[in-house]
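# Reading the structure
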Amino acid sequence: MLDFSIAAAADALRARKFSARELTQAHLDAIATLNPTLNAYITVTPERAIAAADAADAALAAGTAGPLAGIPLAIKDLFCTAGVRTTAASRILGTFVPPYESTVTANLLRNGAVFLGKANLDEFAMGSSNMTSAHGPVTNPWRRAGDDAALVPGGSSGGSAAAVAGHLAMGATATDTGGSIRQPASFCGIAGIKPTYGRCSRWGIVAFASSLDQAGPVARSVEDCAILLGSMAGFDPKDSTSVDVAVPDFRAACARGVKGMRIGIPREYRPDSLPAEIAALWDQGISWLRDAGAQIVDVSLPHTRYGLATYYIVAPAEASSNLARYDGVRFGARVDGQDLIDLYERTRAAGFGDEVKRRIMIGTYVLSAGYYDAYYLRAQKVRALILRDFTEAFAKVDALLTPTAPSAAFAQGDKPTDPVRMYLNDVFTVPASMAGIPGMSVPAGLDASGLPLGLQVLGKHFDEASVFAVCAELERAAGFVAKPALRA
Ligand code: GLN
């Protein structure tokens, strides 16, 4: 049962081959066995899950079941879930229990999904390794061949990706501000899509950088991501940046093929430092698409090299403003002080971890009166140029193919002490975030030590359908069947 895809499980549930309760219980058992090692979940909600599964079974019997009836999912602990503690992996949220449900999770519940619990992440989604969580690091279910060292799952959606790769959930919600869906998907050998900015509502998702944050799914197949995104997406009047466009049939797009499509290969994504294995996998991906009838076109995105520097100004600036709300007064943890200012300072000093504090300091610095023009304003201008690069490229091609990340999963013990080294992990993912275009990672091969590597496909605004078409083709060609060492 645990090996089923979401697509196959939905069929099996309808054919009554097994019940939603059995499927949910199997996942809860897997969590009980493996979560102590993986730490993929911060909170597990077995009673709620079983109640939701029973409701799904009743709906299936009555013929009123939604498309996700009985499908067990993990929810990144950045989505507010009514009545269930939501931590953002930070001490500062304390025992916060939201009185409301995020729009994305409400959409999934409406369609019958079963929530198993809340998945671990980097604190406030800031990170690329899941090492910054106040609830401890997540362990990647994958190990290097012949080496027991615990590896990071990537970040920030590391718990979501590890839960799905380890078969502790059939799929998961995640969020991506600069790569947090795509990079952990790549590190954990699964698929994950960051849709177009505005495709999914941000309402009820703990904010990191509001002009970049976007929700999306991770799952073990491209089609499963298409199914989940179809439920998550849609216009929401409660989010002013949510866009009122129709949600196409993403699942149908997976079967479309790439014949006649023009696929761009951005030359700036091949720096001299790109590891040979990753360059070789990228070349392999190019051949697969060419063999499937796509036309390969060289393109240039000249402002790519400013992507990281720009992102690490804009994202902290917005974060410093968003995180001002954690004052110890309205919600979350509080450390009392002699007066109000002292209370703020003590609460924030105790509540935030080092990486979050670093971002707040960078953010307030680049927004400060003397430096605003030099950093924030200039970064906004460069952001416009990054977007223009993509617009010009998409005049010539339908989608772009790149590697997802410059490395495979690294060991928890190799955690870079220099934060800039960690930021470099996002080099291939942040430009799409800055431009607001959709991007997806699909597992495409293994490195020499047996770890998964992903390829990234980028598309035009609101053209996730083409992204799914290309990723599904890559998935078929790659025939990726390798399994992680630790899985239920
Ligand atoms: N690694 C990036 C950061 O730390 C991206 C995180 C994300 O996408 N949430 O900002």
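To keep things clear, this report deals only with the structure shown in the data block. (Residues numbered from 1 in each chain as written. Predicted model: local features only at pLDDT ≥ 70, side-chain atom pairs only at ≥ 80, totals over all residues. Heavy atoms only, no water.)

### Thoughts on the site of the ligand
Test applied: Any residue with a non-hydrogen atom lying within 4 Å of a molecule or strand is treated as near it. The term polar contact refers here to a pair of N or O atoms within 3.5 Å; inside protein, the definition further demands a hydrogen-donor-capable atom paired with an acceptor-capable atom, and it admits residues adjacent in sequence only when both atoms are side-chain atoms. Accessible surface is estimated by sampling points in the Shrake-Rupley manner with a 1.4 Å probe; for residues, cover comes only from the protein chains shown. Buriedness of a pocket was judged along seven lines, with at least five required to meet protein on both sides within 12 Å; pockets are open sets of points on a 1 Å grid over the protein atoms alone, cavities are sets where a 1.4 Å probe fits but cannot get out, and lining residues have an atom within 4 Å of a point. A molecule is said to be in a cavity or pocket once over half of its atoms fall within 2 Å of that pocket's grid points. The nonpolar class holds Ala, Val, Leu, Ile, Met, Phe, Trp, Tyr, Cys and Pro. Asp, Glu, Lys and Arg form the charged class, and all remaining residues, Gly among them, are polar.
Around the ligand lies a shell of 15 residues, among which Thr177, Gly178, Ser180, Tyr311 and Arg359 are the nearest. Backbone polar atom of Gly178 to an oxygen atom of the ligand: 2.6 Å apart, as the coordinates give it. With respect to the ligand, the side chain of Ser180 contributes an N or O atom lying 2.6 Å from an oxygen atom. Against a free-state accessible area of 290 Å², the protein chains account for coverage of 100% of the ligand. Of the pockets mapped on this structure, the ligand occupies the largest cavity. Considering only residue class, the shell around the ligand consists of five nonpolar, seven polar and three charged.

### Structural notes on the pattern of salt bridges
The line we're drawing: By convention in these notes, a salt bridge is any Lys or Arg side-chain nitrogen within 4 Å of a carboxyl oxygen on Asp or Glu. Using a 1.4 Å probe on the protein chains alone, a residue whose accessible area is under 20% of its type maximum counts as buried, one over 50% counts as exposed, and one in between counts as partly exposed.
Considering all chains together, one arrives at 17 salt bridges under this definition. In this structure, Asp148 engages Arg143 in a salt bridge whose closest nitrogen and oxygen atoms are separated by 3.9 Å. Between Arg182 and Asp176 there is a salt bridge whose closest N-O contact spans 2.9 Å. Take Asp176: its relative accessible area is 0%, and that puts it in the buried class. Among the ionic contacts, a cluster of salt bridges with common partners joins Glu355, Arg358 and Arg359.

### Re helix 1 (residues 6–14)
Quick reminder of the rule: Only runs of H or I of at least four residues qualify as helices and only runs of E of at least two qualify as strands under DSSP, and these elements are numbered from the N terminus. Whether two residues are in contact is decided by their heavy atoms: any pair within 4.5 Å suffices.
If you check which residues of helix 1 are buried, you get Ile6, Ala7, Ala9, Ala10, Ala12 and Leu13. On its buried face, helix 1 is in contact with helix 2 (20–38), helix 3 (46–62), strand 2 (72–76), strand 4 (171–176), helix 7 (222–232) and helix 8 (250–253). Arg16 sits one or two positions beyond helix 1 and adopts a positive phi of about 55°.

### Notes on empty space enclosed by the protein
Stated formally: Grid points are joined across faces, edges and corners, and a volume is the space filled by probe spheres set on the points.
Counting across every chain of the model gives one cavity of 30 Å³ or more. Empty space within the largest cavity amounts to approximately 70 Å³. In terms of lining, the largest cavity is formed by 14 residues, of which the most central are Gly127, Ser180, Tyr311, Tyr312 and Asp426. Broken down by class, the residue content of the lining of the largest cavity amounts to five nonpolar, seven polar and two charged.

### A look at the sheet that holds strand 11 (residues 452–459)
Selection rule: One requirement defines pairing of two strands: DSSP has to find at least two bridges between them. Each axis is a line fitted through C-alpha atoms, and for a helix only the stretch in contact is used; angles between axes span 0 to 180 degrees, taken between their N-to-C directions.
The strand order across the open sheet built from 11 strands is 1-3-2-4-6-5-10-11-9-7-8, with neighbouring strands paired in mixed fashion. The open sheet has two free edges, formed respectively by strand 1 (41–44) and strand 8 (295–299), since each of these has just one partner strand. Pairs of neighbouring strands in the sheet enclose a mean axial angle of 30°, with direction left out of account. Where strand 10 (residues 439–446) meets strand 11, seven bridges bridge the pair, whose relative direction is antiparallel. Paired with Met440 across the two strands is Val457, which belongs to strand 11. Against the sheet, helix 5 (residues 158–165) contacts strand 1, strand 2, strand 3 (114–119), strand 4 and strand 6 (214–219), and its axis sits at roughly 155° relative to strand 4.

### What about the side chain of Arg199?
Tracing the backbone shows Arg199 in the loop between strand 5 (191–194) and strand 6. Among the residues examined, Arg199 registers a relative accessible area of 2% and is labelled buried. Looking at Arg199, its side chain comes within polar contact range of the main-chain oxygen of Phe462, at 3.3 Å. Excluding residues that lie within four positions of it along the chain, Arg199 makes contacts with Gln214, Ala233, Gly234, Val245, Ala246, Val247, Pro248, Phe250, Phe462 and Glu464.

### Quick look at the packing of aromatic side chains
Threshold: Pairs were defined over the aromatic rings of Phe, Tyr and Trp, the Trp ring being its six-membered one, requiring ring centres within 6.5 Å. Orientation was assigned from the angle between planes: stacked under 30 degrees, edge-to-face over 60, tilted for the rest. Whether a charge lies above a ring is judged from NZ of Lys or CZ of Arg, which has to be within 6 Å of the ring centre and within 35 degrees of the ring normal.
Evaluation of the coordinates by the stated rule reveals 18 aromatic pairs. Relative to Phe480, the ring of Trp142 lies with its centre 6.2 Å away and its plane at 50°, an arrangement referred to as tilted. Of the two residues, Trp142 sits in the loop between strand 3 and helix 5 while Phe480 sits in the segment after helix 16 (464–478), which places them 338 residues apart along the sequence. Judged by its relative accessible area of 22%, Phe480 falls in the partly exposed class. Centre to centre, the rings of Tyr365 and Tyr375 are 5.8 Å apart; their planes meet at 45°, and the pair counts as tilted. Placement of the pair is Tyr365 in helix 12 (residues 354–367) and Tyr375 in helix 13 (residues 373–393), with a sequence separation of 10 residues. Judged by its relative accessible area of 32%, Tyr375 is partly exposed. For Lys238, the ring lying beneath its charged end belongs to Trp203, and the centroid distance is 4.0 Å.

### Section: unusual backbone geometry
Residue Ser156 is bonded to the preceding Gly155 through a cis peptide linkage, with omega at 5°. Residue placement: Ser156 occurs in the loop between strand 3 and helix 5. If you check the backbone angles, Phe124 has positive phi at about 50° while not being a glycine. Looking at Phe124, the relative accessible area reads 0%, which means it is buried.

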